[in-house]
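So you can see what is in the structure, the chains are spelled out below.
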Amino acid sequence: MTLLNWSNSFAKLPDAFYSRVKPTAFHSPVRLIHFNAAAAGLLGLTDDAERIGKSPWLEWLSGRALPENADPLAMIYAGHQFGHFVPQLGDGRAIMLGEITHPEHGKWELQLKGSGLTPYSRAGDGRAVLRSTIREYLCSEAMHGLGIPTTRALAMIGSDDDVYRERIEPGAMLTRMAPSHVRFGSFEVFFYRDQYGHIRTLADYVLQHHYPALVHSPHRYLALFSEVMKRTARLIAQWQAVGFSHGVMNSDNMSILGLTLDYGPFGFMEAYQPGFICNHSDHAGRYAFDKQPEIGLFNLSCLAQALLPLFDLTDGENIDLAVAAARDVLGQYQAVYLEEYAALMRAKLGFQESMPEDQDLVQDLLNLMAADQVDYTIVFRALGDFRSHQHATGGVRDLFMNRPAFDEWARRYGARLRQEHSDDVTRRLRMHKVNPKYILRNYLAEIAIRKAEDEQDYREIDTLFRILQDPCAEWPEYANYAGHPPEWAGQIAVSCSS
Ligand code: AMP
Ligand code: MG
């Protein structure tokens, strides 16, 4: 059994940044539902699920015992939730056990989610249900498989404890890991309290541990903000290109490292609708799919406000300069986003060069997809088989109802491919590496959830886990997982309550 060295650099920060709190174990016996050997490898942990289940790790991952030198804590933060500032939030159901540093893979914070009450639990019970735990576990690994920055999932623990939501559901615990779980809201909480020294301490911590290249830059806080802006813009471009909706883009769910963070009522786009709302509690559609890029900018402006005291290069004499500097960074967001998005969409269409007509080709295809409500993932995957020298027949063409409109687009697409002398065979290979065949469709997660809830059968979780780690592969034996969702999928409702 591998025993690793635990520490906790965050716990060395002043008390104002967290509350020391221990996990609360479940009353009932627990079981290891899934263990992610790939994520474990990042820690230097080489044990498989069977050995983990018999080692002290099971005790740690279920909150029943604490590793030596772990210094568990719940982080404090604030945040703009659905546009409204909430001055005091924090890890209400998550506890950071501590961190493990790997010589090559660096520092990883391990956080239990669903591990009981903390001082920030407000009206909540500190628990997570099996349903949402499975969704986060699978989706964070699916995002990683798609090459999108994200927190990782290490393990999932099941229990027979009842957790009360709209119905009674079994409680579960997720262990997630990230180099840092610091959020935009981690800064906002101190801005609201006028504790500017704490903002500086936290920024210095983040710089030292996560942006060491910026530590010695002349305006390091501005450099930090600029880097966070770029990572955020690129992250959201990746979400848009793959059709992912986060669902709750509150500023407390925005990672300072530009990771996808806090999976709740997320959804992958199926029938293409730009205004897709995956979160059933989001009645106004604030976090609709096509709003995500501008919400990213809103959240960055919340972070800018919190960091403003650090941008002031004149010791309070001229705040206008700090505001101008922040504005300047925010002003670059759209260009960074658009450049990344355009590059991703060019790759999805198989273009190796950039040409002036590309933007229109992308937009016109999306418009056709929206008009016919065709499946986003299936269309792009099928487009890999497009023949640039032939009139399109079958395949992707059959997905559209308005064939004349598609044919007109296909004629332009074929001409565009021929302009760069695109070779169909190598283009197909390239496109199949960026256009996934498999995404975590809600109904697929739902089937795995039902089997886990009703029969404690976790095989479907493992199947999805394996496919989604390599979502661009063919997986011929699972081809039916790549098809259109069944009709009942339309009735699945996901909301924040989990
Ligand atoms: P979320 O929208 O899931 O990111 O959660 C927003 C805030 O509510 C965070 O501070 C969470 O820690 C807290 N929270 C969510 N669910 C619970 C729960 N069951 N118990 C305690 N706190 C919770
Ligand atoms: Mg959250």
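Residues numbered from 1 in each chain as written. Chains lettered and ligands numbered in written order. Predicted model: local features only at pLDDT ≥ 70, side-chain atom pairs only at ≥ 80, totals over all residues. Heavy atoms only, no water.

1. So, helix α6 (residues 196–210)
Between the first and last C-alpha of α6 there are 21 Å, a value that for 15 residues agrees with the 21 Å anticipated at 1.5 Å per step. Where α6 is concerned, the buried positions are Ile199, Leu202, Ala203, Tyr205, Val206, Leu207 and His210. Residues of α6 that are buried sit in contact with β6 (94–102), β7 (106–113), α5 (184–192), α7 (220–242) and α8 (292–311). (Helix = DSSP H or I, 4+ residues; strand = E, 2+ residues; numbered from the N terminus. Expected span 1.5 Å × (residues − 1). Buried < 20%, exposed > 50% of the residue type's maximum accessible area, 1.4 Å probe, protein only. Contact = heavy atoms within 4.5 Å.)

2. Observations regarding the pattern of salt bridges
If charged atoms from side chains of opposite charge come close, those side chains can pair. Applying the stated criterion across every chain yields a total of 32 salt bridges. The salt bridge partner of Arg441 is Asp375, with a shortest N-O separation of 2.8 Å. Here Asp375 lies in the loop between α11 (358–372) and α12 (376–383) and Arg441 lies in the loop between α15 (424–434) and α16 (442–455), a separation of 66 residues in the sequence. No difference in accessibility class separates Arg441 from Asp375, as the two residues are buried. Arg416 is paired through a salt bridge with Glu420; the nearest N and O atoms lie 3.0 Å apart. Residues participating in the shared-partner salt-bridge network are Lys113, Glu136, Arg176, Arg183 and Asp262. (Salt bridge = Lys/Arg side-chain N within 4 Å of Asp/Glu carboxyl O.)

3. Concerning the packing of aromatic side chains
For the coordinates displayed, the defined rule picks out 28 aromatic pairs. Arranged with centres 6.0 Å apart and planes meeting at 35°, the rings of Phe406 and Trp409 form a pair that is tilted. Of this pair, Phe406 and Trp409 both sit in helix α14 (residues 403–419), separated by three residues, roughly a single helical turn. Residue Phe406 shares its accessibility class with Trp409, and that shared class is buried. Cluster of aromatic residues (ring-pair linked, three or more members): Phe351, Phe386, Phe400, Phe406, Trp409 and Tyr413. The ring of Phe380 is capped by Lys348, whose NZ or CZ atom sits 4.6 Å from the centre of that ring. (Phe/Tyr/Trp six-rings, centres within 6.5 Å; stacked < 30°, edge-to-face > 60°. Lys NZ or Arg CZ within 6 Å of the ring centre and 35° of its normal.)

4. Describing the environment of Asn250
Considering the arrangement of structural elements, one finds Asn250 in the loop between β11 (244–245) and β12 (267–268). The spacing of Asn250 and Gly185 is 65 residues in sequence and 8.8 Å in space, taken between C-alpha atoms. There is a polar contact of 2.6 Å between the side chain of Asn250 and the side chain of Tyr287. (Polar contact = N/O pair within 3.5 Å; in protein donor to acceptor, adjacent residues only side chain to side chain.)

5. Notes on the nonpolar core
Phe10, Phe187 and Met369 are the most contacted members of the largest nonpolar core, which totals 133 residues. Considering every element that reaches this core, the biggest residue donor is α7, with 13 residues. Residues Phe35, Leu43, Leu61 and Leu154 belong to the second largest nonpolar core, which totals 26 residues. (Core = buried A, V, L, I, M, F, W, Y, C linked by side-chain atoms within 4.5 Å.)

6. Considerations on the coordination of the magnesium ion (ligand 2)
Surrounding the magnesium ion (ligand 2) are the protein donor atoms Asn253 (OD1) and Asp262 (OD), at 2.0 to 2.1 Å. Judged on exposure class, the residue Asn253 and its partner Asp262 are both buried. (Donors = N, O, S within 2.8 Å, 3.2 Å for Na, K, Ca; no water.)

7. Quick notes on the domain arrangement of the protein
Taken domain by domain, the protein comprises domain 1 (6–181), domain 2 (185–340), domain 3 (356–421) and domain 4 (442–491). Distance between the C-alpha centres of domain 1 and domain 2: 23 Å. Where domain 1 abuts domain 2, roughly 3300 Å² becomes buried across the two surfaces, and 66% of that area is made up of carbon and sulfur atoms. When the buried area of domain 1 at its contact with domain 2 is split by residue, Phe17, His80 and Phe82 rank highest and sum to 20% of it. In this assembly, domain 1 and domain 2 are joined by one salt bridge. With its nearest N and O atoms 2.8 Å apart, the salt bridge here joins Arg176 to Asp262. Here domain 1 and domain 2 share 15 residue pairs in polar contact (both at pLDDT 80 or more) between them. Mapped by element, the contributors of at least two residues to the side of domain 1 that touches domain 2 are β4 (73–81), β5 (84–90), β7, α4 (130–145) and β10 (168–178). The element best represented in the side of domain 1 that touches domain 2 is β4, accounting for six residues. (Domains from an automatic or database assignment. Buried area = accessible area lost by both parts, 1.4 Å probe.)

8. With respect to α16
One turn of an α-helix holds 3.6 residues; hence residues three or four places apart share an orientation. With 14 residues, α16 ought to run about 20 Å at 1.5 Å a step, and its terminal C-alpha atoms sit 20 Å apart, in line with that. Listed as buried for α16 are Tyr443, Leu444, Ala445, Glu446, Ala448, Ile449, Ala452 and Glu453. Just past α16, the residue Gln456 takes up positive phi, approximately 50°.

9. Comments concerning the site of ligand 1
Around ligand 1, 15 residues are found, and the nearest of them are Gly90, Gly92, Asp125, Gly126 and Asn253. For ligand 1, a nitrogen atom lies 2.8 Å from a polar atom in the backbone of Gly126. At 3.3 Å, a side-chain N or O of Arg165 approaches a nitrogen atom of ligand 1. Of the residues in the shell around ligand 1, the class split is one nonpolar, seven polar and seven charged. (Near = heavy atom within 4 Å. Nonpolar A, V, L, I, M, F, W, Y, C, P; charged D, E, K, R; others polar.)

10. Things to note about the pairing of β6
Here is the key point about a regular strand: its side chains alternate between the two faces of the sheet. For β6, a buried count of eight out of nine residues is recorded, marking the element as mostly surrounded by other parts of the structure. Relative to β6, strand β1 (residues 6–7) runs antiparallel, the two sharing two bridges. For Ser7, the partnering residue across the bridge sits in β6 and is Glu99. Bridging between β6 and β7 involves eight bridges; their strand directions are antiparallel. Across the sheet, Ile100 pairs through a bridge with Trp108, a residue of β7. (Pairing = 2+ DSSP bridges.)

11. What to know about the packing of α16 against helix α17 (residues 459–469)
Their axes nearest at 8 Å, the elements α16 and α17 cross at an angle of 150°. Considered as vectors, α16 and α17 are oriented roughly antiparallel to each other. Contacts between α16 and α17 pair Leu444, Ala445, Ile447, Ala448, Lys451 and Ala452 from the former with Glu460, Ile461 and Leu464 from the latter. Class assignment of the residues belonging to the contact of α16 with α17 gives a composition of seven nonpolar, no polar and two charged. (Axes fitted to C-alpha atoms, helices over the stretch in contact; angles between N-to-C directions. Parallel < 35°, antiparallel > 145°, perpendicular 65-115°, else oblique.)

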